[in-house]
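# Summary of structural features
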Amino acid sequence: MKMANISTINWLFVCGISFCLGGIAVLSFMPLSSDCICPLRNPLSKLGTKENVASKPFNAHSTHKMAVLVPFRDRFEELLQFVPHLTQFLRRQGIDHHIFVLNQVDRYRFNRASLINVGFHFTSEVYDYIAMHDVDLLPLNDDLLYEYPSSLGPLHIAGPKLHPKYHYDNFVGGILLVRREHFQKMNGMSNQYWGWGLEDDEFFVRIRDAGLQVTRPQNIKTGINDTFSHIHNRHHRKRDTQKCFNQKEMTRKRDHNTGLNNVNYKILKVHDMLIDSIQITILNILFECDVNKTPWCDCSGTAAVASAVQT
């Protein structure tokens with residue numbers, strides 16, 4: 001199947017879900033011009049026009065803009081819950097924001113960290129901080145402020161004393177807010193993490209090595225059972241925890257070689273999408289994998305075989 005057909009497949013899948021839900025979600029895809037595949041550059045571009053701002057009110061006195069970066073693949077049911085919930089949550093706080101869905105469309109295993117690197121490249125000239133946000137984690141406590149992080153370092157909204165599942169001290173996954181200059185200082189995230197898990201642990205080491213520290217919300221009265229709604233169904237969507245080749249050995253080390261400066265990708269298409277009249281942006285992202293360096297991007301080995309045939 002040609003890659004050009006993937007966005008059509010995604011569109012049909014979303015419309016099917018919308019129909020099955022009885023029209024609860026109002027969805028539309030509006031392809032942007034090819035110029036929009038370039039990173040955002042003009043703060044007064046389409047995402048900053050008055051008509052869009054009116055649909056997402058924010059604090060007029062705030063000088064900060066947050067890009068919500070959502071790594072994504074085939075989780076439209078969760079997206080339909082995530083977008084209206086988070087939008088209303090952030091509107092109550094007056095946070096100037098926009099949601100970017102980072103949709104991986106290649107044949108390789110899911111790479112959350114590389115998707116975030118791509119999302120940062122696309123948004124960083126317009127937005128001065130990012131929220132690295134799981135699509136299945138919905139904040140419930142309005143005291144969780146998605147504010148501009150302090151100069152100390154990233155603000156971890158889903159701390160280990162609040163997250164419903166992960167409770168170790170160095171955990172920085174789920175929802176992490178990072179200043180633009182801090183993400184650049186750390187060279188973003190490692191590109192070596194294909195499949196599920198450990199990319200956040202490596203990012204914690206990058207935070208420490210950059211002389212930064214993780215801060216977390218204070219005086220939160222809720223706990224692990226009522227701070228977030230975790231809408232992931234582990235029986236319906238099994239996580240890709242397979243380890244193959246030398247993946248286990250390599251991904252337990254600090255990665256000094258890959259990051260924001262050398263993520264290998266193409267943005268095939270940029271879409272505007274409406275969910276319950278809320279505008280979001282979807283980036284269809286295609287990665288390339290060097291199977292000589294990270295053969296675990298495809299545990300079946302077919303990618304390595306294809307690479308050998310080409311060379």
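Our subject is the structure listed above.
Residues numbered from 1 in each chain as written. Predicted model: local features only at pLDDT ≥ 70, side-chain atom pairs only at ≥ 80, totals over all residues. Heavy atoms only, no water.

## Quick word on unusual backbone geometry
Backbone geometry places Asn187, a non-glycine residue, at a positive phi of 55°. Considering the arrangement of structural elements, one finds Asn187 in the loop between helix 5 (180–185) and helix 6 (199–209). Phi at Ser277 is positive, roughly 65°, even though this residue is not glycine. (Helix = DSSP H or I, 4+ residues; strand = E, 2+ residues; numbered from the N terminus.)

## Some words on the environment of Gln242
Structurally, Gln242 can be placed in the loop between strand 8 (228–230) and helix 7 (247–250). Since its relative accessible area comes to 44%, Gln242 is described here as partly exposed. As a C-alpha pair, Gln242 and Cys299 span 57 residues in sequence and 8.0 Å in three-dimensional space. (Buried < 20%, exposed > 50% of the residue type's maximum accessible area, 1.4 Å probe, protein only.)

## With respect to the pattern of salt bridges
Under the definition given, this model contains 14 salt bridges. The residue Glu78 makes a salt bridge to Arg75 at a minimum N-O spacing of 2.6 Å. Overall, the relative accessible area of 5% leaves Glu78 in the buried class. Where Arg254 meets Asp209, a salt bridge forms, and the shortest distance between an N and an O atom there is 3.1 Å. Taken together, the positions of Arg254 in the loop between helix 7 and strand 9 (265–275) and Asp209 in helix 6 put the pair 45 residues apart, joining distant regions of the chain. Owing to a relative accessible area of 27%, Arg254 belongs among the partly exposed residues under this scheme. Through salt bridges with shared partners, one network takes in Glu202, Arg206, Arg208, Asp209, Arg254 and Asp255. (Salt bridge = Lys/Arg side-chain N within 4 Å of Asp/Glu carboxyl O.)

## Some details on the pairing of strand 10 (residues 278–287)
Of all ten residues making up strand 10, ten are buried, and the element is well covered by its neighbours. The alternating pattern of strand 10 places Ile278, Ile280, Ile282, Asn284 and Leu286 on one face and Gln279, Thr281, Leu283, Ile285 and Phe287 on the opposite face, and all of these are buried. Looking at chain direction, strand 3 (residues 97–104) and strand 10 are connected through five bridges and run parallel. Paired with Gln104 across the bridge in strand 10 is Ile285. One ladder, built from ten bridges, connects strand 9 with strand 10; its direction is antiparallel. From the neighbouring strand, Tyr265 faces strand 10, where its bridge partner is Phe287. From the end of strand 9 to the start of strand 10, which pair antiparallel, there are two residues, and Asp276 there has a positive phi angle of about 50°. (Pairing = 2+ DSSP bridges.)

## Some thoughts on the state of the cysteines
Every disulfide links exactly two cysteines, by a covalent bond between their sulfur atoms. Under the defined criterion, the tally for this structure stands at one disulfide. Here Cys289 connects covalently by a disulfide to Cys297, the sulfurs 2.1 Å from one another. Judged by the sign of its S-S torsion, about -90°, the cystine formed by Cys289 and Cys297 is left-handed. The same class applies to Cys289 and to Cys297, which are both buried. (Disulfide = S-S within 2.5 Å.)

## Side note on the packing of aromatic side chains
Applying the stated criterion to the full structure yields eleven aromatic pairs. Relative to Phe76, the ring of Phe72 lies with its centre 5.1 Å away and its plane at 70°, an arrangement referred to as edge-to-face. Side by side, Phe72 and Phe76 carry an identical accessibility label, which is buried. An angle of 85° between the planes, with centres 5.4 Å apart, marks the rings of Tyr129 and Tyr148 as edge-to-face. (Phe/Tyr/Trp six-rings, centres within 6.5 Å; stacked < 30°, edge-to-face > 60°.)

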